[in-house]
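Observations on chain architecture
The lines below spell out each chain.
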Amino acid sequence: MIKRFYSVTNKNRLYELPLIKATDFPEYDSSDYFKFEVIHQSKKSNARVTKVTTPHGIIMQPNFVPVGTVGTIKYLDPISTKDTKSQLMFVNTYHMVVNSDPKLIEKAGGLHKFINYQNPIITDSGGFQVFSLGHPESKNNENNNINNNNNNNNSDNNNNVDVLNKEEKRELKGMSGKKYEGSIASIKDTGVEFLSYKNGDTIELGPISSIKYQKQLGADIIIPFDELPPYHMDEKKILRSLHRTHHWEATSLLEHIKDPRKQAIYSVIHGGVNIEMRKQSIEYLTSLPFDGIALGGSLGKDRNEMKELLKIIMPFIPKNKPNHLLGIGDLESITSIIPLGIDSFDSSYPTRSARHGQIILADQQSFFLIKNQENKQKIDEPLDKSCDCHACKNYSKAYIHHLFKSHEQIYFTLATQHNLRAMARLMENFRNKILNDEV
């Protein structure tokens, strides 16, 4: 029997309330519009090829999910994004609420019609952004974990390994590096009130309002509202956070079931790096009728701690539903998490890498720096000879080097197109290797 952690009391009444039981949920069946199939289980590892069918298309997994923060990939329009053969786009509810009018998007027919993107979309709850940008405990942890935002520049003489090591701390599980003025005004049982970084308005996000916004946005897959405690926070506070998150996720699920709108909803497993709390979170949330399972919260201070955590908890994740690792997607992490059985993962890694001059090579699972002087002379060579993206089919490495050095905005578009296509090709390669029991 898994040890219970809900003995912590607090003046906040939510901590004292029992969790909603699975038997308290009304009947819920999404099988008419959301289907999950295991195509092949590798004989070499826990890696698997799976298929998710949504109202707006099919997602073959393992799959990398690019992040379109406010309804678009930075420097790339939705049509061009689809042309890279990315199968799923991640849109941030928090930023959509701050920067747009969800009611207007709903009136337009939802995100798919509003942005003209006819592929599956997943939206998050907004919890990650709210708590990352202003969690009361975060200010005490500026230099301790993988949420750090290092923004070091890299000289022409730095090699690829050095660049990756400098990027990993903010790419692994962190924000974009931007500093927002918005901050939390209050945390209550009903949710969080925060100040808009755009105009200072007070905005409320909670387990019910987050689902309301995600209904208006109309994504294929949505996420329940959750709290993101920072890595360093003491265990008692993490326990309280876990209990509150479980309440919030159950409440979000109930709100979703009232009006499914052909959307699927994934739970978010929490518990920080505490194995027993992670197991408890898995036990409770998988007892509820969620359509899939996301793994969120702090995954550790570095990749090694994340990998060890996932190695222990992944065997407890049910195999009959899709799973998604939130906020992870750099090349090194992908290589280690796919064999553990992770189905999908999202990150701004390839798009941000493109803007920093890092060009991904799918077959080599590596990248090079376009600004290096050697690329100036390569007038007859594309970014990647094996790539079929728009940039590689039409432009030389020398020209794209020139655009980068000239600070031309079209560079960002071409490099982003290439990197997203490279990630899609990398996923195709992984799926083929799994089908052949090579991974």
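As the structure is a computational prediction, the values presented were derived from the model and not from experiment. (Residues numbered from 1 in each chain as written. Predicted model: local features only at pLDDT ≥ 70, side-chain atom pairs only at ≥ 80, totals over all residues. Heavy atoms only, no water.)

Some words on the overall build of the protein
Inclusion rule: Secondary structure elements are taken from DSSP: a helix is a run of H or I of four residues or more, a strand is a run of E of two residues or more, and numbering for both begins at the N terminus. Exposure classes here rest on a 1.4 Å probe applied to the protein chains alone. A residue is buried below 20% of its type maximum, exposed above 50%, and partly exposed in between. In what follows, a contact means two residues having at least one pair of non-hydrogen atoms within 4.5 Å.
A count of helical and extended segments in the protein gives 15 helices and 16 strands. Looking at the 439 residues of the protein, the share that counts as buried comes to 57%. Across the protein, every contact between residues at least 6 apart in sequence was considered, and the portion connecting residues at least 24 apart equals 70%.

Remarks on the sheet that holds strand E3 (residues 57-61)
What counts is decided by this rule: Here, a strand pair is defined by DSSP locating no fewer than two bridges between the strands. Each axis is a line fitted through C-alpha atoms, and for a helix only the stretch in contact is used; angles between axes span 0 to 180 degrees, taken between their N-to-C directions.
As summarised here, the arrangement of the three strands in space is E1-E2-E3, forming an open sheet in which the pairing is antiparallel. A single partner strand is all that each edge strand has here, and the edge strands are strand E1 (35-41) and E3. Geometrically, the sheet is characterised by an average inter-axis angle of 15° between neighbouring strands, direction not taken into account. Pairing of strand E2 (residues 48-54) with E3 involves five bridges; the strand directions are antiparallel. Looking at the pairing, valine 52 lines up with isoleucine 59 of E3. Sitting on the sheet, helix H15 (residues 409-435) touches E1, E2 and E3, and the angle it makes with E2 is about 125°.

Some thoughts on the nonpolar core
Under the convention used in this document: We define the nonpolar core as a collection of buried residues of types Ala, Val, Leu, Ile, Met, Phe, Trp, Tyr and Cys that are connected through side-chain atoms lying within 4.5 Å of one another.
Within the largest apolar cluster, 78 residues are counted, with the highest numbers of intra-cluster contacts made by Leu310, Leu325, Ile338 and Phe345. For this core, the element with the highest residue contribution is H15, accounting for seven residues. Setting aside residues up to four positions removed in sequence, isoleucine 338 forms contacts with Ala47, Pro62, Phe345, Met427, Phe430, Ile434 and Val439. Formed by 17 residues, the second largest nonpolar core is a distinct cluster that contains Leu361, Leu383, Cys387 and Tyr411.

Notes on the environment of leucine 76
Structurally, leucine 76 can be placed in the loop between strand E4 (63-66) and helix H1 (78-83). Overall, leucine 76 belongs to the buried group, its relative accessible area being 4%. On a C-alpha basis, the gap between leucine 76 and threonine 413 in space is 5.8 Å, while along the polypeptide they are 337 residues apart. Beyond its immediate sequence surroundings of up to four residues, leucine 76 is in contact with Thr81, Thr84, Thr413, Thr416, Gln417 and Leu420.

A word on the sheet that holds strand E8 (residues 191-195)
Pairing is antiparallel across the open sheet formed by three strands, whose spatial order is E7-E8-E9. Here the strands that pair on one side only, and so sit at the sheet edges, are strand E7 (184-188) and strand E9 (202-205). Neighbour to neighbour, the strand axes of the sheet diverge by 15° on average, direction disregarded.

Concerning the pairing of E1
In this structure, E1 lies alongside E2, joined through six bridges in antiparallel fashion. Residue pairing for E2: valine 38 is matched across the bridge by threonine 50. Where E1 folds back onto E2 in an antiparallel hairpin, the turn is made up of six residues.

Quick look at the packing of helix H8 (residues 235-258) against helix H9 (residues 275-285)
Rules: Between 65 and 115 degrees an angle is taken as roughly perpendicular, under 35 as roughly parallel, over 145 as roughly antiparallel, and anywhere else as oblique. We call a crossing left-handed when the near helix sits turned anticlockwise from the far one by less than a right angle, and right-handed when that turn is clockwise. We call Asp, Glu, Lys and Arg charged. Ala, Val, Leu, Ile, Met, Phe, Trp, Tyr, Cys and Pro are nonpolar, and the rest, Gly among them, are polar.
Contact pair H8 / H9: the axes reach a minimum separation of 11 Å and the direction vectors enclose 15°. Put simply, H8 runs roughly parallel to H9. The way H8 lies across H9 gives a crossing that is right-handed. Note on element contacts: H9 touches H8 through Met277, Gln280, Ser281, Tyr284 and Leu285, opposite Glu235, Ile238, Leu239, Leu242, His246, Glu249 and Ala250. Of the residues belonging to the contact of H8 with H9, the class tally is seven nonpolar, three polar and two charged.

Concerning empty space enclosed by the protein
Quick reminder of the rule: Both site types are read off a 1 Å grid over the protein atoms alone. A 1.4 Å probe that fits but cannot get out defines a cavity, while an open set with protein on both sides within 12 Å along at least five of seven lines defines a pocket; lining residues have an atom within 4 Å of a point. Grid points are joined across faces, edges and corners, and a volume is the space filled by probe spheres set on the points.
Applying the stated criterion to the full structure yields five cavities of 30 Å³ or more. As for the largest cavity, its lining consists of Asn63, Phe64, Lys85, Ser86, Gln87, Leu420, Met423, Ala424, Met427 and Arg431. Looking at the lining of the largest cavity, the elements that each hand over two or more residues are E4 and H15. With five residues, the top contributor of residues to the lining of the largest cavity is H15. Residue composition of the lining of the largest cavity, by class: five nonpolar, three polar and two charged.

Here's the deal with the environment of glutamine 118
For clarity, the cut-off: What qualifies as a polar contact is a pair of N or O atoms within 3.5 Å, subject to a donor-acceptor requirement within protein and to the restriction that residues adjacent in sequence count only when both atoms come from side chains.
The residue glutamine 118 is located in the loop between helix H4 (111-115) and strand E6 (121-123) in this model. Glutamine 118 gets classed as partly exposed once you look at its relative accessible area, which sits at 37%. Among all residues touching glutamine 118, those that are not within four sequence positions of it are His56, Lys82, His112 and Lys113. Looking at glutamine 118, its side chain comes within polar contact range of the main-chain oxygen of histidine 112, at 3.1 Å.

Some words on the state of the cysteines
Threshold: Cysteine sulfurs are considered disulfide-paired once they come within 2.5 Å of each other.
Tallying each qualifying case throughout the model produces zero disulfides. With no disulfide of its own, cysteine 387 lies closest to cysteine 389 among cysteine sulfurs, the gap being 3.6 Å.

With respect to a nonpolar patch on the surface
Using the following cut-off: Patch definition: residues above 30% relative accessible area lacking any salt bridge, with like charges linked at up to 9 Å and the nonpolar side chains Val, Leu, Ile, Met, Phe, Trp and Tyr linked at up to 5 Å. Under the convention used here, a 1.4 Å probe and the Shrake-Rupley method define accessible areas, while residue burial counts only the protein chains that appear. When a carboxyl oxygen of Asp or Glu lies within 4 Å of a side-chain nitrogen of Lys or Arg, that pair is called a salt bridge.
A cluster of nonpolar side chains, contributed by Tyr395, Tyr399 and Ile410, occupies part of the molecular surface with about 260 Å² of accessible area. Locating tyrosine 395 in the fold gives a position in the loop between helix H13 (390-394) and helix H14 (397-405).

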